[in-house]
Amino acid sequence: MKKLGSFIINTLYFSLIIILAFSISTIALTRKVNESRAYTNNLEGSVTKQKVVVLTLTQGIVDTITVQSGQHVKKGDVLVKMSNPVLQSNLKVYEGRVNNESAQTEANIAKVSIENLTVKAPVDGVVGELYTAEGSSVEEFSKIMLIYSSDDVRLQTELTGDQYQTIQKRSQVNAYSSRLNKNFIIVPGLLKADEKTPTGPNEKKIGLYFTFKDNAQATDLLNNEDLQINLEDTTKTRKPIDIATDFWNGILAR
Amino acid sequence: MRITKIKRIPNTALLFVLLAPITIVYYAMYVLNPANIGNIYLYPLQLFADMIAIFIVGSLWLTILLDLLQPEYHKKEIKYRGEWLMEHRPTIDVLIPTANEPYEIVANTIKKAYMMDYPYKKLYILDDGNSEKIRTLAESLRITYIQRSQKHFAKSGNLNNGLQFCKGEFFAVFDADHAPKQLFLKQLLPFFQNKNIALVQTPQHFTNTDNFIASGTAQAQELFYKYIQPAKNSYNSAFCVGTNMIYRRAAIDSIGGIAARSHSEDIWTTILLHEQGYESIFFNQILAEGRAPETITTFFRQQNRWARGGFSLFFTHNPIFIKGLSIDQKLQYFFSNIHYFSGFAILTYLLLPIIYLLFGMLPLNVSESNVWLIHYIPFFVTVYFLPFFLLGSLKASTISTSLASFAPYLSAFFAVITNNSYTWVATESKSKKFTVIAQDIWPHIFIIALSLFAIPVGWYNEADFFTTLATTVWVILNAGFLILFIKNGGESKK
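What counts as what
- Residues numbered from 1 in each chain as written.
- Chains lettered and ligands numbered in written order.
- Predicted model: local features only at pLDDT ≥ 70, side-chain atom pairs only at ≥ 80, totals over all residues.
- Heavy atoms only, no water.
- Helix = DSSP H or I, 4+ residues; strand = E, 2+ residues; numbered from the N terminus.
- Buried < 20%, exposed > 50% of the residue type's maximum accessible area, 1.4 Å probe, protein only.
- Areas by Shrake-Rupley, 256 points an atom, 1.4 Å probe, with all protein chains shown as cover.
- Rg over C-alpha atoms; globule rule 2.2 N^0.38 Å.
- Contact = heavy atoms within 4.5 Å.
- Lys, Arg positive; Asp, Glu negative; His and termini not counted.
- Charge placed at Lys NZ, Arg CZ, Asp CG, Glu CD.
- Axes fitted to C-alpha atoms, helices over the stretch in contact; angles between N-to-C directions.
- Parallel < 35°, antiparallel > 145°, perpendicular 65-115°, else oblique.
- Left-handed = near helix turned anticlockwise from the far one by under 90°.
- Nonpolar A, V, L, I, M, F, W, Y, C, P; charged D, E, K, R; others polar.
- Buried area = accessible area lost by both parts, 1.4 Å probe.
- Salt bridge = Lys/Arg side-chain N within 4 Å of Asp/Glu carboxyl O.
- Polar contact = N/O pair within 3.5 Å; in protein donor to acceptor, adjacent residues only side chain to side chain.
- Phe/Tyr/Trp six-rings, centres within 6.5 Å; stacked < 30°, edge-to-face > 60°.
- Lys NZ or Arg CZ within 6 Å of the ring centre and 35° of its normal.
- Pairing = 2+ DSSP bridges.

Visitor: Teacher, can you tell me more about the overall build of chain A here?
Guide: Along its length, chain A carries five helices and 14 strands. For chain A, with 254 residues in total, the buried portion stands at 34%. For chain A, the exposed area adds up to about 15,300 Å²; of that, 55% sits on carbon and sulfur atoms.

Structure representation (structure tokens):
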């Protein structure tokens, strides 16, 4: 009986010890796997939108700025209302001289100028910096604000050689915005012209521009925002390693 | 006569004495250089372990060296005339304390003691185990059999209790598992014609070396008895090891009896004697044959006892601070005590390569591995092959048992630090308590399991091929020795 009891206690003890050793080892393994994944996956891209400078087409005084920095605008939306009383009075004068041809031409020009006192958005996009304030007087063709265009949004990244190979094998690449908690499908596009010389192994030296498959979706993104690019092959089957790593990642994440 | 010291030092030992300082200093230069620090948390561990190893090897080196260099006129002349026995007719009590050791072993010791060739001896069996069989044997041989009702202070209490009934001028003590040879008393008593000598100690010799564990510890002990104890002799620092010795009764009485403690009373008693100015002699001739522990449990028990002795001396009665001891004595006792800190060093050395495989962290910055190797390998050889240098051979069992002994040393350390009370269990006794082997070897199982698991983890995405390879080999070796220890340490077949 004593032998059986001793055997049971021994087995219990040893099982506990071995489980402990196994746990420590798989935790260490998880850490290594996370690191290597983060490394291969450590691809961030930064959003680059076209910068469109909005210019005044006529001179005047800025009455109201109807948009704010960060606001989405569509092409044709009113951005700024200007006023120019001189122009208004001139128009009346020109219109008064009905039979004078040059006066009529001047009147037409003045009418267009008055229309241009309402500054409209030239493209879809997001309002960036404002270069003027309400109440200031502006010249013709002066900058009033910056719009980040929603057309042709790009994602700029720097890759290692391995990562570039991986991208070429993928059928589609995902980019993830943690801010919006949203995934975007991106398409590899142009290579940046200058390749840097690497100073260490694994250094990123290839510059690449991605474009967005659905550009309209990219409207919400801000210029210079960072997105995580996922290089993992989502079609891969789960290996036993994944069971262990998911387990520990789940526990350690709490 | 002159006391035998290391008469002719073997060439390999001479090589050790010459090389050790060079290899040690060379490595110390590397490891102490802050430029070589790797991981900031592991580095102190490595440094700590290395300092312990350096200290222990260094103290051994110093002991041997100073003994070699002692000029002839410093060595004391000991009066030794065999005729003194007939002239003086010293009386001697032979005490055999026992506590639940296996009957056959105790019976053998008793019979051998009975047959020692000297007329003026009286035997006493001090049985703390209440064995009927032993009582019967004692009666049949007409030997005094003493039991006591209260068993405090274990062996020393047992001895002190027995001494009450003893009237001899001297007394010898034999542990139940050490059987004296016939000439023991005749050979050793003449030393006591020098009035100041209070202790004559002879080596422990182990005959059961066919057993794995026994052979491993026997070789470790050989180192002690061949080099260390004789060297201590030169400085009057030889200490009692608990068996195979003769004490002068008057000297023991003057310090109030054998030191009253639950363990390590032998070395404590010697310190007290030295404090009073008495002298001790180590006579390097095998005059008794004993048995080394054969199973893991018994081996660990013994090592735990010895380690507790060392640590408790170190922390509560550190010989460095004891008045009445000479500088040599202080140093020698100190060196013996610190030997058990090697448990920390061994554990660190076992764990660091595993930590590298699991987490990729290194205590030292070995990016230029050649530099580290050049500094480390000579040191490594000096430390790990020490028994080879000094004894001429190195057995796997020695390495195994040394590696495995980190467990009893560390548990002894914590027991002493936390003032754990200690119940003395004889090395060979079968305890009534339900002992489970797992209690003794769980650290080893843990390290073995961790080693095996760590290898695949280490090779996943390995950072540096050669470092990982070297570490893997090292881990496999260590685990192999531990496995060997566990496999061969099972219950001995009787």
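Continuing now.
Visitor: Looking at this structure, I do not really get the overall build of chain B. What am I missing?
Guide: What chain B contains, in helices and strands, is 19 helices and nine strands. What you see for chain B is a C-alpha radius of gyration of 24 Å, in line with the 23 Å of a compact globule of 494 residues. For chain B, the spread of C-alpha atoms along the three principal axes comes to 80 × 55 × 40 Å. Buried positions account for 58% of the 494 residues belonging to chain B. For chain B, long-range pairs separated by at least 24 residues make up 82% of all intrachain contacts whose partners lie at least 6 apart in sequence. Carbon and sulfur atoms provide 61% of the accessible area of chain B, an area that totals close to 21,300 Å². Each charge class in chain B can be summarised by its mean position, and for the 41 positive and 33 negative side chains these summaries are 6 Å apart.

Visitor: Looking at this structure, how should I read the packing of helix α11 (residues 296-316) of chain B against helix α17 (residues 406-417) of chain B?
Guide: Two numbers describe a pair of packed helices, the interaxial angle and the distance between the axes. Residues and elements named next belong to chain B. Running from amino to carboxyl end, α11 crosses α17 at an angle of 45 degrees, the nearest separation of the two axes being 8 Å. Judged by the inter-axis angle, α11 sits oblique to α17. Crossing of α11 over α17 shows right-handed handedness. Together, F300, Q303, N304, A307, R308, F311, S312 and F315 of α11 and P408, Y409, S411, A412, F413, A415, V416 and I417 of α17 make up the contact between the two elements. The residue makeup of the contact of α11 with α17, split by class, is 11 nonpolar, four polar and one charged.

Visitor: When you look at the interface of chain A and chain B in this model, what are you seeing that I'm missing?
Guide: Where interface size is given, it is often the accessible area lost as the parts come together that is meant. Every contact between the two is made by 21 residues of chain A and, on the other side, 20 residues of chain B. Here chain A meets chain B over a buried area of about 1,900 Å², counting both sides, of which 78% is carbon and sulfur. Together, A:F14, A:I17 and A:K32 form the three largest contributors to the area buried by chain A at its contact with chain B, with a combined 26%. Taken together, the links from chain A to chain B amount to zero salt bridges. Taken together, the connections running from chain A to chain B amount to three residue pairs in polar contact (both at pLDDT 80 or more). When residues of the side of chain A that touches chain B are assigned to their parent elements, the largest contribution, 20 residues, is made by helix α1 (residues 2-41) of chain A.

Visitor: I tried to follow the packing of aromatic side chains on my own but got confused; where do I start?
Guide: Aromatic rings considered in pairs are described by the distance between their centres and by the relative angle of their planes. Across all of its chains, the model carries 38 aromatic pairs over all chains by this definition. With 5.6 Å between their ring centres and 80 degrees between their planes, B:Y118 and B:Y120 make a pair best called edge-to-face. One residue, A:R154, lies across the ring of A:Y209, its end atom 5.3 Å from the ring centre.

Visitor: Is there a simple way to explain helix α6 (residues 154-163) of chain B in this structure?
Guide: One turn of an α-helix holds 3.6 residues; hence residues three or four places apart share an orientation. All names here are of chain B. Of all 10 residues making up α6, nine are buried, and the element is well covered by its neighbours. Where α6 is concerned, the buried positions are A154, K155, S156, G157, N158, L159, N161, G162 and L163. Elements in contact with the buried residues of α6: β1 (92-98), β2 (121-127), β3 (144-146), β4 (170-173), α9 (249-254) and α10 (265-275).

Visitor: Honestly, the sheet that holds strand β6 (residues 197-201) of chain B in this entry has me stumped. Any pointers?
Guide: Sheets are built from strands paired through backbone hydrogen bonds, the pairs being either parallel or antiparallel. Residue and element names in this part refer to chain B. In space, the seven strands of this open sheet follow the order β3-β2-β1-β4-β7-β6-β8, with mixed pairing throughout. Edge positions in the open sheet fall to β3 and β8 (279-282), since each of these has one partner strand only. Sheet twist, expressed as the average angle between the axes of neighbouring strands with direction ignored, equals 20 degrees. Where β6 meets strand β7 (residues 245-248), three bridges bridge the pair, whose relative direction is antiparallel. Bridged to V200 within β7 is I246. Its contacts with the sheet place α6 against β1, β2, β3 and β4, and it is angled at close to 145 degrees to β1.

Visitor: Whenever I open this one, unusual backbone geometry confuses me. Can you help?
Guide: Among all residues except glycine, the phi angle is most often negative; among peptide bonds, the trans geometry is most common. The phi torsion at A:D152 lies on the positive side, around 55 degrees, for a residue other than glycine. Here A:D152 is to be found in the loop between β9 (143-149) and β10 (154-159). In this structure A:D152 comes out as partly exposed when scored by relative accessible area, which is 32%. Despite not being glycine, B:N100 shows a phi value in the positive range, around 70 degrees. By the secondary structure assignment, B:N100 is in the loop between β1 and α4 (103-114). B:N100 gets classed as partly exposed once you look at its relative accessible area, which sits at 38%.

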